[in-house]
Amino acid sequence: MHFLKFKKIILKLNHFELPGKKSFLELAPPERVKQIKDGFIPNNSVKAAVTLLFYGDYKNQTRLALILRNKYDGVHSNQVAFPGGKKEPGDLDLKETAVRETVEELGLLKKNIVIQKELTEIYIPPSNCTVKPYLCFYEKHPKFKPSSDEVAFIYNPLLEDLLDLNITKSQILIEDQTKIVPSFKIENKIVWGATAMIINEFVSLFKEVINS
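Residues numbered from 1 in each chain as written. Predicted model: local features only at pLDDT ≥ 70, side-chain atom pairs only at ≥ 80, totals over all residues. Heavy atoms only, no water.

1. Observations concerning a negative patch on the surface
Phase 1 of the analysis: A contiguous patch of negative charge, built from E160, D161, D164 and E187, is present on the exposed surface.
Phase 2 of the analysis: Following the sequence through the fold, D161 ends up in helix α5 (residues 159-163). (Patch = residues over 30% accessible without salt bridge, like charges linked within 9 Å, V, L, I, M, F, W, Y side chains within 5 Å. Areas by Shrake-Rupley, 256 points an atom, 1.4 Å probe, with all protein chains shown as cover. Salt bridge = Lys/Arg side-chain N within 4 Å of Asp/Glu carboxyl O. Lys, Arg positive; Asp, Glu negative; His and termini not counted. Charge placed at Lys NZ, Arg CZ, Asp CG, Glu CD. Helix = DSSP H or I, 4+ residues; strand = E, 2+ residues; numbered from the N terminus.)

Next up, the structure:
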């Protein structure tokens, strides 16, 4: 889809209710279902923010920027994720957190990132984080300079590929235990957990808009 057409469609999103819990449950790992249904979020959870950063490539086709996190000693090691991270004391709000982290991780210019809409916040038990996703545009052709400390690879799926995603079951290894979880396959990489749930909310909402 041409990026200009995509931007016009996105302007209509504010007239539609976020799917939230319904879309999350379709991709939730089994152990997360009850927490999502109950809507329970601990008072001591850490605030964080991510961006769904869409941009036009050199053919003006709409793409989304996803990152593969580096391998490290942590619960989100070597996972596909959105650019983003935890709120720092100097951040005025979570919007600033989302933009700052995206700039740091992707090496982009802050002035070209335009936040368009907030999506539904999601709690991630393994890291005790409550994450606010922001749907954003990048107003120029991005010249990615990923942080070598945090980013192993950048994926750039087309919007059409996101809209055609099918939910599958995948085996993943978590803390030396094999688990079967709902997932997407994006560029032959398994995408699951909060990232998949957030993608599913966006896809559900976008399809509702274009089919209305």
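2. Focus: the environment of V50
Phase 1 of the analysis: The topology assignment puts V50 in strand β1 (residues 46-56).
Phase 2 of the analysis: On a C-alpha basis, the gap between V50 and P133 in space is 4.9 Å, while along the polypeptide they are 83 residues apart.
Phase 3 of the analysis: Residues in contact with V50, not counting those within four places in the same chain, are F82, P83, G84, A98, V131, K132, P133, Y134 and I198. (Contact = heavy atoms within 4.5 Å.)

3. Some details on the environment of V131
Phase 1 of the analysis: Structurally, the position occupied by V131 is in strand β7 (residues 129-138).
Phase 2 of the analysis: Judged by relative accessible area, V131 falls into the buried class, the value being 7%.
Phase 3 of the analysis: If we ignore the near neighbours within four places in the chain, the residues touching V131 are A48, A49, V50, T120, E121, I122 and I124. (Buried < 20%, exposed > 50% of the residue type's maximum accessible area, 1.4 Å probe, protein only.)

4. Focus: the packing of aromatic side chains
Phase 1 of the analysis: As enumerated under the stated definition, the model contains ten aromatic pairs in all.
Phase 2 of the analysis: The interplanar angle of 85° and the centroid separation of 5.9 Å between the aromatic rings of F3 and F137 together place this pair among those described as edge-to-face. Taken together, the residues span a long stretch of sequence, with F3 in helix α1 (residues 3-10) and F137 in strand β7 at a distance of 134 residues. The two residues F3 and F137 agree in class, both being buried.
Phase 3 of the analysis: Seen in terms of ring centroids, F6 and F137 are 6.1 Å apart; in terms of plane orientation they differ by 70°. Their pairing is edge-to-face. (Phe/Tyr/Trp six-rings, centres within 6.5 Å; stacked < 30°, edge-to-face > 60°.)

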